[in-house]
Amino acid sequence: MAAAPVAPPPASADDEIVYESMPCIRVYKNRVERYFGTEFVAASTDAATGVASRDVVISPNVSARLYLPRLDDESAAKLPILVYYHGGGFCLGSAFNPTFHAYFNTFAGLANVLVVSVEYRLAPEHPVPAAYADSWDALAWVVSHLAAPAADDSNRDPWIAGHADFSRLYLGGESAGSNIAHHMAMRVAAEGLAHGSRIRGLVMIHPYFLGTDKVPSDDLSPEVRQSLGSLWRVMCPTTTGEDDPLINPFVDGAPPLASLACGRVLVCVGEGDVLRDRGRAYYDRLRASGWPGEAEIWQAPGKGHTFHLLEPSCEEAVAQDKVISDFLNR
């Protein structure tokens, strides 16, 4: 079970509040107070699943936590590799947070995949598009393992070099992390990846997209929907608004969905999520775009945004994990 947010202090009377989403975060004009997602837990080997984790430094701005399932034959095992970008509205969460650590200890063991959980810089201290730049650096580092090892290559990780099957390279994330994963796949389409590497598939869990067009799920919680729009404008102060191609992949000026640089996409949505129909639109428009790949969609009945992190043992979370696991292993 994910840790509950701590009780936040009263707002400061002498400082202007720019944005707040309580009880998680309060953004003042000159500082940020986070009450959720700031706890860190050390890498370890999980006793329940046998999944081992370790931390790596990719660059001065970027790091990651790797998860390796228990292997019966370490010398021969080649696993799908999932480069994962955590959510949190670009401003919350961490690859080293207990919530994500517990999730990947379970998920890596279930799916038998090598996970690279990326730690990128958070807004508003580092406004979007900093998260995109960091996430690209992490992906480039992962595929750099396809190069022949140098004589002194201290930035090369033995788990990735020894166990990653780069013919099964996936990108994924939940919420804002899905937004990031989409933009990484679009950048791959525009620029390619080193060493001839290709993205096999994309896992989009409750994606954070917006738009000035109204969709039915907006009415599930107008207050939450309004807050998500305000959040975006604070996290990306240079934005043109909700029809910025960074947050709305369907508008003029956005890279065409038909060019998405992968052959398979899985979209997971929650029936009770205000962003549900944005995720459905991604699936529908991708299929109608002329993109030559295969798209799938799965909906969790009755569940809200990123429910699986707060209720990891519920029936719907277990089912969603199974759907994602099957997708990665086909």
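In what follows, the structure referred to is the one given above.
Residues numbered from 1 in each chain as written. Predicted model: local features only at pLDDT ≥ 70, side-chain atom pairs only at ≥ 80, totals over all residues. Heavy atoms only, no water.

**Examining helix α8 (residues 315–328)**
Compared with an ideal rise of 1.5 Å per residue, which puts 14 residues at 20 Å, α8 spans 20 Å between its outermost C-alpha atoms and is within 8% of the ideal. The set of residues buried in α8 consists of E316, A317, Q320, D321, I324, S325, F327 and L328. (Helix = DSSP H or I, 4+ residues; strand = E, 2+ residues; numbered from the N terminus. Expected span 1.5 Å × (residues − 1). Buried < 20%, exposed > 50% of the residue type's maximum accessible area, 1.4 Å probe, protein only.)

**Details of the side chain of S325**
The topology assignment puts S325 in helix α8. Its relative accessible area of 6% is what places S325 among the buried residues. Setting aside chain neighbours within four positions, we find S325 in contact with F107, L110 and A111. (Contact = heavy atoms within 4.5 Å.)

**Details of the pattern of salt bridges**
Going through the model one piece at a time under the given rule, you end up with 20 salt bridges. The partner of D219 in a salt bridge is K214, with the nearest N and O atoms 2.7 Å apart. With a closest N to O distance of 2.3 Å, E296 and R330 form a salt bridge. Of this pair, E296 sits in strand β11 (residues 294–300) while R330 is found in the segment after α8, placing the two residues 34 residues apart along the sequence. For R330, a relative accessible area of 45% translates into the label partly exposed. Here the salt bridges do not stand alone but share partners, grouping D213, D218, R225, R233, E242 and R278 into one network. (Salt bridge = Lys/Arg side-chain N within 4 Å of Asp/Glu carboxyl O.)

So far we have only geometry, and geometry alone does not tell us how the molecule works.
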